[in-house]
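These are the residues of each chain, in order.
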Amino acid sequence: NQTLKGICIGFILGQTEGVPFGVALSFWQSGDDESDIEKTNRYIGDVLLYCLPDNADNRQLMDIVVSYLEAHPAARHSPARMQIWNAFMAAFPCG
């Protein structure tokens, strides 16, 4: 169903963009330089424990989350944001 796929990818993208931005805001509010993108991205990776590749596309991100949910049915009762986080940590460890 295309509508459900759209909702799914929309939620994943909201999480993918929103959470790192929130982490970056807290970093910048602590006095760090907003223009140092590399330092900010390292901080985000240190906090979130995953580092999305620059070339990851929307379909890949959705596939990773859906595959994670299929492989971990006992965890599906957890909030969606936690499932996305777990999927990304497993698929995209930093380093």
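Above this text is the structure in question.
What counts, and where the lines are drawn
- Residues numbered from 1 in each chain as written.
- Predicted model: local features only at pLDDT ≥ 70, side-chain atom pairs only at ≥ 80, totals over all residues.
- Heavy atoms only, no water.
- Helix = DSSP H or I, 4+ residues; strand = E, 2+ residues; numbered from the N terminus.
- Expected span 1.5 Å × (residues − 1).
- Buried < 20%, exposed > 50% of the residue type's maximum accessible area, 1.4 Å probe, protein only.
- Contact = heavy atoms within 4.5 Å.
- Core = buried A, V, L, I, M, F, W, Y, C linked by side-chain atoms within 4.5 Å.
- Disulfide = S-S within 2.5 Å.

Draft legend 1. Region of the structure containing helix α1 (residues 2-29). Helix length check: α1, at 28 residues, gives a terminal C-alpha distance of 40 Å against a target of 40 Å (1.5 Å per residue), a fit within 8%. Ile9, Ile12, Gln15, Thr16, Pro20, Val23, Ala24, Phe27 and Trp28 are the residues of α1 that are buried. Those residues of α1 that are buried are in contact with α2 (37-48), α3 (58-71) and α4 (80-91). Immediately downstream of α1, the backbone of Gly31 shows phi near 105 degrees, a positive value.

Draft legend 2. Geometry of the side chain of Gln83. One can find Gln83 in helix α4. With residues near it in sequence (within four places) discarded, Gln83 still touches Tyr68, Leu69, Ala75 and Ser78.

Draft legend 3. Highlighting the side chain of Gln15. Relative to the assigned elements, Gln15 resides in helix α1. Contacts of Gln15, omitting those with residues within four sequence positions, involve Pro20, Arg81 and Ile84.

Draft legend 4. Structural context of the nonpolar core. Counting 19 residues, the largest nonpolar core has Ile12, Leu61, Val65 and Phe88 as the members making the most contacts within it. Elements with a contribution of two residues or more to this core: α1, α2, α3 and α4. Among the elements that make up this core, the one with the highest residue count is α1 (6 residues). Apart from residues lying up to four places away in sequence, Val65 is in contact with Ile12, Ile84, Ala87 and Phe88.

Draft legend 5. Structural context of the state of the cysteines. Taken as a whole and judged by the stated rule, the model has 1 disulfide. At a sulfur-sulfur separation of 1.9 Å, the disulfide partner of Cys51 is Cys94. Disulfide Cys51-Cys94: the torsion about the S-S bond is 95 degrees, which places it as right-handed. A residue pair is termed long-range when its members are at least 10 positions apart, and Cys51 in the loop between α2 and α3 and Cys94 in the segment after α4 qualify at 43 residues. For Cys94, a relative accessible area of 34% puts it in the partly exposed group.

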